[in-house]
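# Residue-level structure breakdown
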Amino acid sequence: MKKVIETKQAPAAIGPYSQAVEINNSLYVSGQIPVDPSTGEIAEDIESQAKQSMTNLKAIIEEAGYQVSDIVRCTIFLTDLANFQAVNEIYGSFLEEPFPSRSCVQVAALPKGVQIEVDAIAVK
């Protein structure tokens, strides 16, 4: 049975989607952009944006009763691949080995003009 996951510790969905959906011991977390859920503000530099996106992702995962170590797959969307190294360092600081599989792609634009979006799949 499908279960919708929502938390106020991450930004509310800005469209017709859920923050995450759990089904069969798997959690599918929608792309998280760097919006501070308490203020609605977006940081300007890529390091702060990466940290906030990962913080939002972690909050949703924990709300669902999962841990960051349960992540098996992530996708990182960047508006500029020149930021790959900076983002990689922040991303890596949230995870432990064995690391999940991952893709990182450059896109033309992201919602609200942010520089990064991160989604994930976690499995218990």
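What counts and what doesn't
- Residues numbered from 1 in each chain as written.
- Predicted model: local features only at pLDDT ≥ 70, side-chain atom pairs only at ≥ 80, totals over all residues.
- Heavy atoms only, no water.
- UniProt positions renumbered as here; feature names shortened; annotations may be inferred.
- Buried < 20%, exposed > 50% of the residue type's maximum accessible area, 1.4 Å probe, protein only.
- Helix = DSSP H or I, 4+ residues; strand = E, 2+ residues; numbered from the N terminus.
- Arc of directions from axis to C-beta.
- Contact = heavy atoms within 4.5 Å.
- Patch = residues over 30% accessible without salt bridge, like charges linked within 9 Å, V, L, I, M, F, W, Y side chains within 5 Å.
- Areas by Shrake-Rupley, 256 points an atom, 1.4 Å probe, with all protein chains shown as cover.
- Salt bridge = Lys/Arg side-chain N within 4 Å of Asp/Glu carboxyl O.
- Lys, Arg positive; Asp, Glu negative; His and termini not counted.
- Charge placed at Lys NZ, Arg CZ, Asp CG, Glu CD.

- Named according to an unreviewed UniProt entry, the protein is Reactive intermediate/imine deaminase originating from Aerococcus sanguinicola.
- Within the UniProt record for the protein, the comment given under Sequence similarities (unreviewed entry) is "Belongs to the RutC family."

## Looking at helix α2 (residues 84-93)
- Taken together, the buried positions of α2 are occupied by V87, I90 and Y91. Summarising the axial view, the buried residues of α2 lie within an arc of 100°, below the 170-degree limit, and thus occupy one face. Opposite the packed face of α2, turned more than 90 degrees from it, sit the exposed residues E89 and S93.
- Buried-residue contacts for α2 involve α1 (46-63), β4 (71-78), β5 (101-106) and β6 (116-123).

## Focus on a negative patch on the surface
- Residues E44, D45, E47 and E89 make up a contiguous surface patch of negative charge.
- Inspection of the secondary structure assignment puts E89 in helix α2.
- Among the residues examined, E89 registers a relative accessible area of 54% and is labelled exposed.

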